[in-house]
Amino acid sequence: MSGAASPGPVERWFGDRFGGRPEGVWRAPGRANLIGEHTDYNQGWVLPFALDLGVTVAAARCGDGMLAIRSRQAPGAPASLPLAALAPGAVTGWAAYPAGVAWALREAGHPLAGGASLAVDSDLPQGAGLSSSAALECGAALALDGLHGLDLPRPQLATLAQHAENDFVGVPSGIMDQSASLLGRAGHALLLDCRSGETSDVPLDPAAAGLELIIIDTGARHALGDGRYAERRSECERAAALLGVSSLREVSSPAAAAGLADPVLRRRARHVITENRRVEETVALLTGADLAGVGPVLCASHASLRDDFEVSWPQADVAVGAAMGAGALGARMMGGGFGGSVLALAPAGRRAVSAAITAEFARRGWTPPASIQAVPSAGALRIG
Ligand code: ADP
Ligand code: MG
């Protein structure tokens, strides 16, 4: 908690924009996904962890029925919206994420009487596959929950934030990002069963193992709206229907995919089935305190995403190759694909991996990639 006498930067910024002091400050982290890619909408397992980078929201009730939102990362006109008029389609651009959360709360029977002013700041790159969108939603959700004394359980806030992203913003994402941001625990990953919604903590402490997890933002940007994500989802649904199951999660043997006549559907199903097994394998290794053993599993995940699911992109393949050539224990593309970041597991303190990737990008005339250390951190919390 910051002391009442010494406002932090976001509190001062709140004062500059709205006048007065915020009633509280909340912070929600972004996330990385250790393993379990394109398994969420197939009702399978994912294993994300919260980062120490995130979105900070300074907020106060304002009494006029308006939702006023400003972001330091989105300079220009403030978004000021009558809460009562919030409806899907009414707000576009970045403000739709926090406005969607207020809408989802209202739909769930929490009208947020009086409204609120939210000042947003962030140290999380946007569109890099680190889920700045969920961090923004979860920061807003926790702030509105705290301001209005709702005290809703975290899993319910995660569901409301997902509802905002799916039905107000219009992005068909799963529950993983919001769960990691709201339920993450320092030194742990979050195992999430996307069929039951059950979660459990799995120890993930790279520093204790003399290792580090590095996120390399390849600079290439994905666009979920470009149709390829939706195409993969429908391919998985078709494969499941042909195999006579409600989702690919229900198939445990990779050999079952061989029963699909269409080679594309066979490859898609094989990725999902084997990726679920890799999540299981990773959990067993982490539970046995063998983080180094996870390295080859990350590489197998990358190969499957590249060859069977066909969602990798040139910069990711080059980054993974360069990381492995420089002594990484494992590396893979992270996120939905076609852009974003790569996750590498490497011995701690050696800059060789990032340096090798930068050199390889330079050789090809590509923009130098940004690297950050990914430290499994606590989920969203009130910080002021
Ligand atoms: P990712 O979640 O991987 O970062 P998305 O495309 O899902 O990528 O979400 C990025 C979008 O979230 C941005 O285009 C912007 O609309 C919104 N966003 C994230 N962080 C902020 C912020 N600090 N201020 C304003 N908008 C933000
Ligand atoms: Mg996102």
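Keep in mind that what you see is a predicted model, and the values were worked out from it rather than measured. (Residues numbered from 1 in each chain as written. Chains lettered and ligands numbered in written order. Predicted model: local features only at pLDDT ≥ 70, side-chain atom pairs only at ≥ 80, totals over all residues. Heavy atoms only, no water.)

### Some thoughts on the nonpolar core
Here is a general trend for soluble globular proteins: nonpolar side chains tend to be buried in one another's company. Of all hydrophobic cores here, the largest spans 78 residues; its most connected members are Leu47, Leu67, Leu86 and Leu118. Per element, the largest residue contribution to this core is nine residues, and it comes from helix H3 (residues 132-147). In terms of domain composition, this core takes at least three residues from each of domain 1 (9-201 + 378-382) and domain 2 (205-374). Residues Tyr41, Leu265, Met333 and Ala344 belong to the second largest nonpolar core, which totals 37 residues. (Core = buried A, V, L, I, M, F, W, Y, C linked by side-chain atoms within 4.5 Å. Buried < 20%, exposed > 50% of the residue type's maximum accessible area, 1.4 Å probe, protein only. Helix = DSSP H or I, 4+ residues; strand = E, 2+ residues; numbered from the N terminus. Domains from an automatic or database assignment.)

### Focus on the packing of aromatic side chains
For any pair of aromatic rings, the description consists of the separation of the ring centres together with the inter-plane angle of the planes. Taken as a whole and assessed by the stated rule, the structure comprises four aromatic pairs. Arranged with centres 5.1 Å apart and planes meeting at 55°, the rings of Phe14 and Phe18 form a pair that is tilted. Highlighted residues: Phe14 and Phe18, both in helix H1 (residues 9-18), separated by four residues, approximately one helical turn. Take Phe14: its relative accessible area is 2%, and that puts it in the buried class. We classify Phe18 as partly exposed; its relative accessible area is 25%. Note on Tyr41 and Tyr229: the rings are 5.7 Å apart at their centroids and 75° apart in plane angle, and the pair reads as edge-to-face. Pair noted here: Tyr41 is in the loop between strand S1 (24-33) and strand S2 (45-46) and Tyr229 is in helix H6 (residues 228-242), with a separation of 188 residues, a long-range link. As far as burial versus exposure is concerned, Tyr41 and Tyr229 are alike and both buried. Above the ring of Phe338, the side-chain terminus of Arg228 is found at 3.8 Å from the ring centroid. Across from the ring centre of Phe309, 6.0 Å away, lies the NZ or CZ of Arg232, which sits over that ring. (Phe/Tyr/Trp six-rings, centres within 6.5 Å; stacked < 30°, edge-to-face > 60°. Lys NZ or Arg CZ within 6 Å of the ring centre and 35° of its normal.)

### Concerning the sheet that holds S1
Think of a sheet as strands paired side by side through backbone hydrogen bonds, with each pair either parallel or antiparallel. Ordered in space as S5-S4-S6-S3-S1-S13, the six strands form an open sheet in which the pairing is mixed. The sheet is open, and its two edges are formed by strand S5 (74-82) and strand S13 (381-382), each paired on a single side. Looking at chain direction, strand S4 (residues 66-71) and strand S6 (residues 115-122) are connected through six bridges and run parallel. Bridging from a neighbouring strand, Ser71 pairs with Val120 of S6. Of the strands in this sheet, S1, strand S3 (48-61), S4 and S6 touch H1, which is tilted by about 130° from S6. (Pairing = 2+ DSSP bridges. Contact = heavy atoms within 4.5 Å. Axes fitted to C-alpha atoms, helices over the stretch in contact; angles between N-to-C directions.)

### Here we look at the sheet that holds strand S12 (residues 370-373)
Taken together, the four strands give an open sheet; going across it, the order is S10-S11-S9-S12, and neighbouring strands pair in antiparallel fashion. Two strands lie at the open edges of the sheet, namely strand S10 (330-333) and S12, each paired on one side alone. When the angles between neighbouring strand axes are averaged without regard to direction, this sheet yields 20°. Relative to strand S11 (residues 341-347), S10 is paired through four bridges, and the arrangement is antiparallel. Bridging across to S11, Met333 finds its partner in Val342. Where helix H8 (residues 295-307) meets the sheet, its contacts fall on S10 and S11, and the angle it forms with S10 comes to roughly 30°.

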